[in-house]
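# Fold and geometry: a report
Letter by letter, the chains look like this.
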Amino acid sequence: DGGITQSPKYLFRKEGQNVTLSCEQNLNHDAMYWYRQDPGQGLRLIYYSQIVNDFQKGDIAEGYSVSREKKESFPLTVTSAQKNPTAFYLCASSIKGQGYEQYFGPGTRLTVT
Amino acid sequence: AQSVAQPEDQVNVAEGNPLTVKCTYSVSGNPYLFWYVQYPNRGLQFLLKYITGDNLVKGSYGFEAEFNKSQTSFHLKKPSALVSDSALYFCAVGFGGGFKTIFGAGTRLFVKA
């Protein structure tokens with residue numbers, strides 16, 4: 001899982017509550033990403049950031065928010081507006097530019113009941 | 001539209017036999033192609049990538065992949081499978097300046113002893 005940490009590994013929340021997932025990297029990467037993984041659907045991009053204080057929506061950003069105040073950190077908040085938040089969430093980072101592979105954290109499994 | 005297809009949900013192979021996990025893609029322009037592996041409840045690990053040059057790319061753990069431009073394919077191969085290769089494999093294509101990556105739905109590989 002390289003130099004990326006995600007916490008916690010498992011997270012349980014009640015419906016209607018916001019929850020923040022942590023992602024920290026010590027690889028000195030400029031670019032960071034959040035993906036959602038559901039069975040049989042591969043990975044879908046939620047948000048990505050190319051540089052501090054800048055981020056862009058991915059394919060499924062509705063109901064999620066992010067911040068990038070430090071190069072090392074890219075927390076994801078799952079808001080109560082997300083209709084189906086139960087999923088496995090993966091954070092990744094990469095060198096900025098074309099053709100660079102992404103390094104993934106171990107993931108956070110969020111269960112909302 | 002940009003897309004990646006992994007036509008097989010599951011591939012079964014006996015230990016010691018060669019394995020192939022298939023991937024086809026559809027992107028405009030020159031693609032950056034990747035293979036990742038995921039073990040249960042873990043993040044993805046980078047295996048190999050094709051950027052340009054030799055169509056046969058060698059990666060980690062004895063894996064290789066062949067880029068075929070005319071067939072728009074990037075199949076993952078290994079000459080002799082190990083039980084420990086059993087995992088979920090994702091093909092991915094990068095485009096749009098390097099920040100957009102589309103992942104296939106994944107192929108589960110089972111290697112039987």
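Up top is the structure.
The structure contained in this document is the topic of the report that follows. (Residues numbered from 1 in each chain as written. Chains lettered and ligands numbered in written order. Predicted model: local features only at pLDDT ≥ 70, side-chain atom pairs only at ≥ 80, totals over all residues. Heavy atoms only, no water.)

## Focus on the pattern of salt bridges
Rules: A pair is scored as a salt bridge if a Lys or Arg side-chain nitrogen falls within 4 Å of a carboxyl oxygen belonging to Asp or Glu. Elements are defined by DSSP. Helices are runs of H or I of four residues or more, strands are runs of E of two residues or more, and each kind is numbered from the N terminus.
The tally for this structure, following the rule as stated, stands at seven salt bridges over all chains. Between E101 of chain A and K49 of chain B there is a salt bridge, and its shortest N-O distance comes to 2.8 Å. Linking E101 of chain A in the loop between β9 (87–94) and β10 (103–104) with K49 of chain B in strand β6 (residues 44–50), this pair reaches from one chain into another. K77 of chain B is the salt-bridge partner of E66 of chain B, the closest N and O atoms lying 3.6 Å from each other. Highlighted residues: E66 of chain B in strand β8 (residues 64–68) and K77 of chain B in strand β9 (residues 73–78), separated in sequence by eleven residues.

## A closer look at the sheet that holds strand β3 (residues 19–25) of chain A
All names here are of chain A. Quick note on the threshold: Strands were regarded as paired on the criterion that DSSP finds at least two bridges between them. Axis definition: a line fit to C-alpha positions, over the contact stretch in the case of helices; interaxial angles, taken between N-to-C directions, run 0 to 180 degrees.
The sheet built from four strands is open, its strands ordered β1-β3-β8-β7 with antiparallel pairing. Strands with a single pairing partner mark the edges of an open sheet, and in this sheet they are β1 (4–7) and β7 (64–66). In this sheet, neighbouring strand axes are inclined to one another by 20° on average, regardless of whether the strands run parallel or antiparallel. Where β3 meets strand β8 (residues 76–78), three bridges bridge the pair, whose relative direction is antiparallel. Bridging across to β8, V19 finds its partner in V78.

## Observations regarding the side chain of Q82 of chain A
Residue and element names in this part refer to chain A. What counts here: Exposure classes here rest on a 1.4 Å probe applied to the protein chains alone. A residue is buried below 20% of its type maximum, exposed above 50%, and partly exposed in between. The definition of a polar contact used here is a pair of N or O atoms within 3.5 Å, where within protein one atom must be able to donate a hydrogen and the other to accept one, and adjacent residues in sequence count solely through side-chain atom pairs.
Along the polypeptide, Q82 turns up in the loop between β8 and β9. For Q82, a relative accessible area of 14% corresponds to the buried category. Of note is the side chain of Q82, whose polar atom sits 3.0 Å from the backbone nitrogen of N84.

## Details of the nonpolar core
In plain terms, the rule: What is meant by a nonpolar core is a set of buried Ala, Val, Leu, Ile, Met, Phe, Trp, Tyr and Cys residues, joined one to another through side-chain atoms within 4.5 Å. Note on contacts: a residue pair qualifies if any of its non-hydrogen atoms lie within 4.5 Å across the two residues.
W35, L47, L48, F74, L76 and Y89 of chain B are the most contacted members of the largest nonpolar core, which has 27 residues in total. Elements represented by at least two residues in this core include exactly β2 (10–14), β3 (19–21), β5 (32–38), β6, β8, β9, β10 (87–95) and β12 (107–112) of chain B. Looking at which element gives the most residues to this core, the answer is β10 of chain B, with four residues. In contact with Y89 of chain B, other than residues within four places in its own chain, are Q6, W35, Y36, V37, L47, F63, L76, G106, T107 and L109 of chain B. By size, the runner-up hydrophobic cluster in this structure holds 21 residues, among which are V19, Y47, V78 and C91 of chain A.

Coordinates in, geometry out; function isn't part of it.
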